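Tertiary structure, described
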Amino acid sequence: MSLAPTERVPAATAPAGRRKPPPTGRARPGRRRVLTRRSVPYLLIMPAVLGFALFKAYPIVASFWISLTTGNGAGRQFAGLANYRRLLEDPLFWTALENTALILVVQVPLMLGLALLIALGLDSSKVWLRPLWRLGVFMPSLTGLVAAGVMFSVILNHDAGLLNWLLSLFGVDRVDWLGSPSWARVAIVLVLTWHYTGYNAVMYLAGLQGVPTELYEAAKVDGAGPIRRFVSITLPQLRPILLLTVVLSTIGTLQLFDEPYVLTGGGPDNATLTVTMYLYNNGFKFFDFGYASALAYALALIVSVLGILQVRLIGERR
Amino acid sequence: MKPLRTTTSATQTGTGTPGVTKPDATTPDVATPYVIRSVRKRRSPLLTLMLAGAFGLCVGPFYWLAIAATQDDKDIFSWPPKLLPGGHLMENLRGLEESIGLTRVLFNSVLVAGVQTFGAVVVSVLAGYAFAKFEFRGRNLLFVLLLSTLVIPDTVMLIPIFQMMMDIGLIDSYQSVVLPGLVTPFGIFLMRQALRSMPDELLDAARVDGAGELRVLWRIVVPVNRPVIAALALFVFLGAWNQFVWPLIALRSPEMYTLPVAMATLNGLSTTNYAHVLLASAIAAIPVMVLFLFLQRQFISGLLAGATKE
């Protein structure tokens, strides 16, 4: 790529009558330009291409190669598909996948549904103080995952946590949010929902405000009720944004790591172990890079397949 | 007033800078009420109450966090929970300085997030400009390659990048944290979309007047697109400030830790002092909140730019 710019002759040595004068011309005498219109694009993308090659393209390829090897450091050996075979027979991998899938299936629809409701509320002129509510619901998505995790590890505390105290006001017994396998999953879902609902709501709100008002007016004239208008106008108009949020949420949830890492450490009894967390443990606790890379590729495969499916299902229905 | 319709047919129409800089979402939309609304402007207390409820659920934890940061460990776990500020803020700050070296860790975080933001924005603007305004061989292929990495989980790249950093001896350095974050496909994409809508005549006029390419970029492209660039900078900063997994892997010595990493290690200790950890998370949240409050408009327009154009 960097070979292409033919005009990159150092200004001092450039002969006066070159074959191709810089097309943008008008160079004052004595100020010959290194940056001509032909060389410029290559110079502009050079940093991006360098970074891309080093930190995206190379790692993606190298990761695949590593996934075909076993052993450590100098003792690394080619092992074909051994890591992938091991993966298929690894009960912990399946547990992690199951946990991740369960969280995905429950959390994403819950979150997006709530987000849509909030967006509809924020879009309605029947509501007082809308900017304030919008600001508030967006705030959680600004917090880092670790900060949120730490905060909720105390709020969800069994003996003295804020949530259990609030529940006790309604006569509900203390819940062992982080200590029992099933409640720990619920806790993860709760925290994720708290964290990202507002973000999605603001995206939907943007979409809602882009819907041409004439459509609603026309429907109103034709006698369509609020539900009919929602189903026949709002939802189809929002489809591109709905698709985007579904795909992004799916990718995000499948790569879930920080929250369980901070909140539960994957426990209790591996109930909140996620695929990325298992990958992290294998790679950076046991230093089994080969197996960790195989896990990464399995995950990438799952993410792409789901992404394509979603685009097919929601994207091109017409 | 014609209503802006940037989001209706998402991909084609919403490319303009105007659509990005005029965020319908940030201004109360009094200008374009639905007809239904303008006919009867009844307010609904119930609906308002429900939104206030959502607001409370979202913001409540922050209030509690602020309270908890001023209490000592005993108070945090008292029953019923204390809901008014305590008097231990300074004590907690001192404790945090002792346990994780708060000043140093904050310095690391600011440095890493600042440099990464600056670098990623520069790289994105340069590349976005090239992709938007120049014809060159391999342009489309390169752009598609770049975008396709968006769907590949970052975790795939962790191990090779870790090995690479080990090999060149950069593990446990600021560079190791910053470098991989400099190329952001999203940023390049965002800038390309924004710059595409700049009229070529504007650029050519400057060239005819004798401006070099760098001058065109710096004097025309950057100022005209300042809002988008600001939005991008905010997003990159948010990501860099909060990033966790990679710094956790790349950094070894506690004096190199960024705030999230330090927080997580503090949390993992068996003798966790929760007052300290909670104060640390409050501190981590402050800069982002302040930035957001001041730059809400840019923030949301950046969000929309991504939402309507992808």
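A brief look at the structure comes next. Predicted model, so just to flag it, every value in this text is computed and none were measured. (Residues numbered from 1 in each chain as written. Chains lettered and ligands numbered in written order. Predicted model: local features only at pLDDT ≥ 70, side-chain atom pairs only at ≥ 80, totals over all residues. Heavy atoms only, no water.)

Quick look at the overall build of chain B
- Secondary structure assignment for chain B yields 17 helices and 0 strands.
- For chain B, the proportion of contacts with a sequence separation of at least 24, taken over those separated by at least 6, is 72%. (Helix = DSSP H or I, 4+ residues; strand = E, 2+ residues; numbered from the N terminus. Contact = heavy atoms within 4.5 Å.)

Some details on the side chain of A:Asn200
All names here are of chain A.
- Mapped onto the secondary structure, asparagine 200 falls in helix 7 (residues 181-210).
- On the basis of relative accessible area, asparagine 200 is assigned to the buried category, the value being 5%.
- Contacts of asparagine 200, omitting those with residues within four sequence positions, involve Met111, Leu112, Ala115, Thr245 and Ser249. (Buried < 20%, exposed > 50% of the residue type's maximum accessible area, 1.4 Å probe, protein only.)

A short note on the environment of A:Phe78
All names here are of chain A.
- As for its position among the elements, phenylalanine 78 is in strand 2 (residues 77-78).
- Phenylalanine 78 gets classed as exposed once you look at its relative accessible area, which sits at 55%.
- When sequence neighbours within four positions are dropped, the list of residues in contact with phenylalanine 78 reads Trp65, Leu68 and Thr69.

Topic: the interface of chain B and chain A
- Contacts between the two partners involve 112 residues from chain B, matched on the other side by 106 residues from chain A.
- Taking both partners together, chain B and chain A bury about 9800 Å²; carbon and sulfur atoms supply 76% of that area.
- On the surface where chain B and chain A come into contact, there are 0 salt bridges.
- At the junction of chain B with chain A, the criterion picks out 9 residue pairs in polar contact (both at pLDDT 80 or more).
- In terms of residue count, the dominant contributor to the side of chain B that touches chain A is helix 17 (residues 274-309) of chain B (17 residues).
- Within the side of chain B that touches chain A, the residues separate by chemical class into 80 nonpolar, 18 polar and 14 charged. (Buried area = accessible area lost by both parts, 1.4 Å probe. Salt bridge = Lys/Arg side-chain N within 4 Å of Asp/Glu carboxyl O. Polar contact = N/O pair within 3.5 Å; in protein donor to acceptor, adjacent residues only side chain to side chain. Nonpolar A, V, L, I, M, F, W, Y, C, P; charged D, E, K, R; others polar.)

Considerations on the pattern of salt bridges
All names here are of chain B.
- The full count for this structure, using the stated rule, is 5 salt bridges over all chains.
- Aspartate 204 serves as the salt-bridge partner of arginine 207, at 3.0 Å between the closest nitrogen and oxygen. Linking arginine 207 with aspartate 204, this pair stays in helix 12 (residues 200-208), spanning 3 residues, or about one helical turn.
- Residue arginine 207 is classed as buried on the basis of its relative accessible area of 4%.
- Bridged by salt links that share partners, the residues Asp204, Arg207 and Glu213 form one connected network.

A closer look at the packing of aromatic side chains
- Applying the stated criterion across every chain, the model contains 26 aromatic pairs over all chains.
- Judged by centre distance (5.8 Å) and plane angle (35°), the rings of A:Tyr280 and A:Phe284 are tilted. Here the residue A:Tyr280 and the residue A:Phe284 both occupy positions in helix 11 (residues 275-285), the gap between them amounting to 4 residues, near one helical turn. As far as burial versus exposure is concerned, A:Tyr280 and A:Phe284 are alike and both buried.
- An aromatic cluster is built from A:Phe257, A:Tyr261, A:Tyr280, A:Phe284, A:Phe287, A:Phe289, B:Phe162 and B:Phe244, whose rings are joined through pairwise contacts.
- Lying over the aromatic face of B:Phe143, B:Arg192 brings its terminal NZ or CZ to 4.1 Å of the ring centre. (Phe/Tyr/Trp six-rings, centres within 6.5 Å; stacked < 30°, edge-to-face > 60°. Lys NZ or Arg CZ within 6 Å of the ring centre and 35° of its normal.)

Focus on the side chain of A:Thr234
Residue and element names in this part refer to chain A.
- Here threonine 234 lies in helix 9 (residues 226-254).
- Polar contacts involving the side chain of threonine 234 include one to the side chain of tyrosine 216, which spans 2.8 Å.
- Those residues in contact with threonine 234 that sit more than four places away from it in its chain are Leu208, Tyr216 and Arg229.

Some details on the environment of B:Ile67
Residues and elements named next belong to chain B.
- As for its placement among the helices and strands, isoleucine 67 is situated in helix 4 (residues 45-68).
- What makes isoleucine 67 buried here is its relative accessible area of 3%.
- Along the backbone, isoleucine 67 and lysine 82 are 15 residues apart, and their C-alpha atoms lie at a distance of 8.0 Å.
- The contacts of isoleucine 67, once residues within four sequence positions are left out, are Lys82, Leu83, Leu84 and Pro85.

Considering the nonpolar core
- Among the nonpolar cores identified, the biggest contains 141 residues, and A:Phe93, B:Trp64, B:Leu259 and B:Met263 are the most heavily contacted of them.
- Among residues more than four places away in sequence, those in contact with B:Leu259 are B:Ile100, B:Leu102, B:Val105, B:Leu106, B:Ser109, B:Trp241, B:Ala280, B:Ile283 and B:Ala284.
- Of all hydrophobic cores here, the second largest spans 41 residues; its members include B:Ala120, B:Met198, B:Leu203 and B:Ile220. (Core = buried A, V, L, I, M, F, W, Y, C linked by side-chain atoms within 4.5 Å.)

Considerations on the packing of helix 4 (residues 130-138) of chain A against helix 4 of chain B
- Two numbers describe how helix 4 of chain A lies on helix 4 of chain B: the axes approach to 8 Å, and their chain directions differ by 30°. Our pair here, helix 4 of chain A against helix 4 of chain B, has a crossing hand that is left-handed. Between helix 4 of chain A, through A:Leu132, A:Trp133, A:Gly136 and A:Val137, and helix 4 of chain B, the contact on the second element is made entirely by B:Thr48, B:Leu51, B:Ala52, B:Ala54, B:Phe55, B:Cys58 and B:Val59.
- Tallied by class, the residues present in the contact of helix 4 of chain A with helix 4 of chain B amount to 9 nonpolar, 2 polar and no charged. (Axes fitted to C-alpha atoms, helices over the stretch in contact; angles between N-to-C directions. Left-handed = near helix turned anticlockwise from the far one by under 90°.)

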